[in-house]
Amino acid sequence: MKIDLHSHTTCSDGALTPVELVQRAQQMQVDVLAITDHDTISGIEVATEYVKNSNIKLDVIAGVELSTSWHGFDIHIVGLQVDVTNSKFLQRLEHQLLERDRRAVKICDKLEKCGHSGIYDLALEIADGAQISRNHIARALVQRSICTHPQQAFTKYLGKNKKAHVTPNWISMQEAVQWIHEAGGQAVLAHPGHYDMTTKWLRRLVAEFAASGGDAMEITHPNMAADKKKLLQGVMADNNLLASAGSDFHFPSRFTELGRRLDIPESIAPVWQNWPILQDRLQKESLQPESLQPESTQ
Ligand code: AMP
Ligand code: MN
Ligand code: MN
Ligand code: MN
C-alpha cells in the first residue's frame, strides 16, 4: 500500500491545485494521501468532493502543516485527521494567516531597502488567493530577475540571517499540538532531519515535542541517508512516538514525487495503526486470497 502523509497544493505553496494533486496521486498509485498545506485546510473539501464524485480509488486525509517557533527555529507540525469543520480550529488558523501577511509585508519592506520595490504586490499576485509564503516572494524575485532561481532567493534574502529575513512570530509547538488535538487530529513532527540543527538539539526538539503530547514523527524521506534514518528511528523510539512518512510534495520534478520510497519498516508502529480506513483497506486485501480471485478464462 502506498501511503503519503505530507503534500501541498496551490492553497499554500504547492504548484498543483487540490484536484490536480489527487489526480496525480492516482497516477502514482497512491492509496492514501494527506493534504497538509501550510496553516490552511482550504484545499481539503474540494479534493475530497472530487474524489467522492469520480472513480479515483484514493483516501484523502484532512491535514495541515502548522508553522511554529522554537528557540529560533521554524518547526513544522503536521496535523492529520483534523476536523475541517471545527470552528475554533478555523479561527485559530486565521491567526496564523494574519501572521503570514504581517511577516510578508516586513520581508518586502526589507527588500525595498535593498532596492527591490513592488515585490509584495507581485508576490500576492503570484499567490493568487493562496496564503502568502516565502516561496511566493522567492518566485516574485525570480520573475523580476533579481534572483536566478527560488533557491537563490532563500540563500540571498529569505533564509535565516539573510538580508530580508524576518523572525516570524509563530505559535509555540505546544500550542500547535493542542490545536491539532482539540480538532480531533494527531500531531506529527515534520521533517526532523531538515532543521539544520545538531543531534543534541534534535534530541531536545523531539523530547519536547513528545512531552507536549505529540503523537508521531516523520522518520523517512526519499533520498534520506541510511544513518540519518537510523538516528531518527532511534530518537522516535526513545520518546515513544509513532512513525509517519510523507513526501512533502510541492511540485512534480525529477527529485520530488508523491508516494515514492516512503516505506516504514514493519517492526515500527505507524501513525495510522488505528485508522479505520486503513483497517478497512487491509481487511479487503486479506479477503482476497488467490482462491477467491476470479478464475482465469484462458
Ligand atoms: P514559509 O512557510 O513562508 O516560511 O515558507 C517555508 C517554505 O519555503 C517551505 O515549506 C519550503 O517550501 C520553502 N523553503 C524553505 N527554505 C527553503 C530553501 N532554502 N530553499 C527553497 N525553498 C525553501
Ligand atoms: Mn512549503
Ligand atoms: Mn515543512
Ligand atoms: Mn510541507
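This structure is a prediction, so every number in the text was calculated from the model and none was measured.

S.K.: How would you summarise the pairing of strand β4 (residues 73-80) if you had to cite specific residues and measurements?
M.R.: Among the 8 residues in β4, 7 count as buried, and that is most of the element. The pairing of strand β3 (residues 59-70) with β4 spans 8 bridges and is antiparallel. Across the sheet, S69 pairs through a bridge with D74, a residue of β4. The antiparallel pairing of β3 with β4 creates a hairpin that spans 2 residues between the two strands, and H71 there sits at a positive phi of about 45 degrees.

S.K.: I'd like a description of the domain arrangement of the protein, backed by residues and values.
M.R.: Each assigned domain of the protein is listed with its residue range as follows: domain 1 (3-85 + 172-292) and domain 2 (93-158). One C-alpha centre belongs to domain 1, the other to domain 2; they are set 26 Å apart. With 14 residues of domain 1 at the interface, the matching set in domain 2 holds 12 residues. With both sides pooled, the region where domain 1 packs onto domain 2 buries about 950 Å², and carbon together with sulfur makes up 49% of that total. On the domain 1 side of the interface with domain 2, the three residues burying the most area are D13, D39 and W179, jointly 49% of the side's total. On inspection of domain 1 and its partner domain 2, the count reaches 2 salt bridges. We note a salt bridge from D74 to R134, for which the minimum N-O separation is 3.8 Å.

Rules used throughout
- Residues numbered from 1 in each chain as written.
- Chains lettered and ligands numbered in written order.
- Predicted model: local features only at pLDDT ≥ 70, side-chain atom pairs only at ≥ 80, totals over all residues.
- Heavy atoms only, no water.
- Buried < 20%, exposed > 50% of the residue type's maximum accessible area, 1.4 Å probe, protein only.
- Helix = DSSP H or I, 4+ residues; strand = E, 2+ residues; numbered from the N terminus.
- Pairing = 2+ DSSP bridges.
- Domains from an automatic or database assignment.
- Contact = heavy atoms within 4.5 Å.
- Buried area = accessible area lost by both parts, 1.4 Å probe.
- Salt bridge = Lys/Arg side-chain N within 4 Å of Asp/Glu carboxyl O.

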